[in-house]
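These are the residues of each chain, in order.
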Amino acid sequence: MIKVIVNNIFLILLAGLIIPFSCSNHGGNLRLSTGEGHDTTISNLPSDTGESQNGSDFILWQLPCVIKNVHMSYVFKINNGQVAVLDGGWGADAKLIRDKLVALGDTVDAWFVSHPHEDHMGALNAVLEDPEGIRIKHIYYSRLTDDQIQAENHTISGQNNADSAFEYYHTLDTSSVLKTNFRQPGAIITLGQTHFKILSVSNPEIITNVYNNSSMAIRVWDDKKSFVFLGDLGIEGGDKLLNSPYKDDLNCDYLQMAHHGNHGVGSSFYRRLKFSACLWPTPEWLWNNNVGGGYNTGPYSTVLLRNFLRDTMGVTRNYVQWQGVSEIR
Ligand SMILES: [Zn+2]
């Protein structure tokens, strides 16, 4: 998602704008942090770390981005007390997720990383370099080859993608945390009664949009609810997944919009699936495709996708990163 960042760096600087936000009822099992939905300070994270509801085995939190940019950060609490993370956001988001993890008991049983872009692995890299009491038991990822990493050997806003990825892998390699590098999809990790199934892994044969198309897609479910996370998958990676033995695993209750809802897998991918709600790891400027010229005047496809989901798919439940912490029980 690095391309988007460059065009919008000035918006980050303007990001002090706070719009009042009210808690919405999206059908019974979602609670948003009320009132200050945009405020990403720790005090507005949900303090209730208790049981999930309706017999479900886990709670999911979608965390906002401290620097009001694209990112992905999800935390799961299992009823048996175990904790899992998917991605975690930028290095700048490390304090936010660190404080959330401290509130849940300091230990992450399973940390999944979709792909090595900074807005997905930066926080994990920061926590590994300086744990500050956070204990990670197991990291699950699908490693890119050196050739794949070099495919994005370009510098944007002073940051070189390949350098960041190599540094992150070096941090992983020198860490004592147990790691599993998936080379094939299909593995299932179970915490309590909650299952995490790896639906896609690194795709070295795809030479366009290399990092994003190697996103690890993951299905998470128990007896009561199901999620599918697509990471930043693009058209090619999405097509491969749809034509894989795991295509039926893509139907779910809550589907994360690929690549922050902008030029990800595309509408033809979504049309093939059944889902009833969308998770958007998406900042406000991208959600509204507004880089300063007004609503839907920017170069992004998010509003097109929103309209397609509503008008063609009939899906109107959206949990959006910039609106604050989403909690789904
Ligand atoms: Zn990415």
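All of these numbers come straight from a predicted model, not from anything done at the bench.

Asks: Would you explain the overall build of the protein in this entry?
Replies: For the protein, the count of helices and strands is 11 helices and 19 strands. In the protein, buried positions account for 50% of the 329 residues. Here the contacts in the protein between residues at least 6 apart in sequence split such that 68% fall between residues at least 24 apart.

Asks: I tried to follow the packing of helix 3 (residues 94–103) against helix 4 (residues 118–129) on my own but got confused; where do I start?
Replies: A pair of packed helices is captured by two measures, namely the crossing angle of their axes and the spacing between those axes. Where helix 3 contacts helix 4, the two axes come as close as 9 Å, and the packing angle between them is 65 degrees. In terms of orientation, helix 3 lies roughly perpendicular with respect to helix 4. Taken as a pair, helix 3 and helix 4 cross one another with a handedness that is right-handed. On helix 4, the residues touching Ala94, Ile97 and Arg98 of helix 3 are Ala123, Ala126 and Val127.

Asks: What is the right way to look at the sheet that holds strand 18 (residues 317–320) in this model?
Replies: Backbone-to-backbone hydrogen bonds pair the strands of a sheet. The strands run either parallel or antiparallel. Pairing is mixed in the open sheet, where 7 strands are placed in the order 12-13-14-15-16-17-18. In this open sheet, the two edge strands, each paired with only one partner strand, are strand 12 (188–191) and strand 18. Here the average twist between neighbouring strands, direction ignored, is 20 degrees. Where strand 15 (residues 226–229) and strand 16 (residues 254–256) come together, 2 bridges link them in parallel fashion. Following the sheet pairing, Val228 is matched in strand 16 by Leu255.

Asks: I keep staring at the nonpolar core and nothing clicks. Help me out?
Replies: Nonpolar side chains in soluble globular proteins tend to be buried together. Ranked by size, the top nonpolar core spans 86 residues in total, and within it Phe76, Ala84, Trp111, Phe112, Ala217 and Ile218 carry the most contacts. The greatest single-element share of this core, amounting to 6 residues, is contributed by helix 4. The residues touching Trp111, leaving out its near neighbours within four places in the chain, are Val85, Leu124, Ile136 and Ile139.

Asks: Could you clarify how one ought to interpret the packing of helix 4 against helix 6 (residues 161–174) in this entry?
Replies: At a minimum axis separation of 10 Å, helix 4 and helix 6 run at an interaxial angle of 40 degrees. Judged by the twist between their axes, the crossing of helix 4 over helix 6 is left-handed. Contacts from Glu118, Met121, Asn125, Leu128 and Glu129 in helix 4 reach Ser164, Tyr168 and Thr171 in helix 6. Residue classes in the contact of helix 4 with helix 6 are distributed as 3 nonpolar, 3 polar and 2 charged.

Asks: Mind showing me how you'd approach the pairing of strand 3 (residues 73–78) here?
Replies: A large share of strand 3 lies buried, amounting to 6 of its 6 residues. Side chains Ser73, Val75 and Lys77 project from strand 3 onto one buried face, and the interleaved Tyr74, Phe76 and Ile78 project onto a second face that is buried too. Summarising the sheet, strand 3 and strand 4 (residues 83–87) pair through 5 bridges and their orientation is antiparallel. Bridge pairing links Phe76 to Ala84 in strand 4. Between strand 3 and strand 4, which follow one another and run antiparallel, lie 4 residues, and Gly81 among them has a positive phi close to 100 degrees.

Asks: Even after reading the chapter, I still don't get helix 4, so can you show me in this structure?
Replies: Within helix 4, 11 of the 12 residues are buried, which leaves it mostly tucked inside the rest of the structure. Among the residues making up helix 4, those that are buried are Glu118, Asp119, His120, Met121, Gly122, Ala123, Leu124, Asn125, Ala126, Val127 and Leu128. The elements touched by buried residues of helix 4 are strand 3, strand 4, helix 3, strand 6 (110–112), strand 10 (159–160) and helix 6.

Asks: What is the right way to read the environment of Asn54 from this model?
Replies: Within the secondary structure, Asn54 sits in the loop between strand 1 (30–32) and strand 2 (58–62). Overall, Asn54 belongs to the exposed group, with 10 C-beta atoms counted inside 10 Å. In this structure, the C-alpha to C-alpha distance between Asn54 and Arg329, residues 275 residues apart in sequence, is 8.1 Å.

Asks: What am I meant to see in the pairing of strand 15 here?
Replies: For a regular strand, the rule is simple: side chains alternate between the two faces of the sheet. Bridge count for strand 14 (residues 218–221) against strand 15 is 4 bridges, and the pairing is antiparallel. Its bridge partner lying in strand 15, Trp221 is registered against Ser226. A loop of 4 residues connects strand 14 with strand 15, the two strands running antiparallel in sequence. Taken together, strand 15, helix 8 (residues 235–242) and strand 16 form a β-α-β motif whose crossover is right-handed.

The rules behind the values
- Residues numbered from 1 in each chain as written.
- Predicted model: local features only at pLDDT ≥ 70, side-chain atom pairs only at ≥ 80, totals over all residues.
- Helix = DSSP H or I, 4+ residues; strand = E, 2+ residues; numbered from the N terminus.
- Buried ≥ 20, exposed ≤ 12 C-beta atoms within 10 Å, placed from the backbone.
- Contact = placed C-beta atoms within 7 Å.
- Axes fitted to C-alpha atoms, helices over the stretch in contact; angles between N-to-C directions.
- Parallel < 35°, antiparallel > 145°, perpendicular 65-115°, else oblique.
- Left-handed = near helix turned anticlockwise from the far one by under 90°.
- Pairing = 2+ DSSP bridges.
- Core = buried A, V, L, I, M, F, W, Y, C linked by C-beta atoms within 7 Å.
- Nonpolar A, V, L, I, M, F, W, Y, C, P; charged D, E, K, R; others polar.
- Right-handed = clockwise from strand over helix to strand, strands pointing away.

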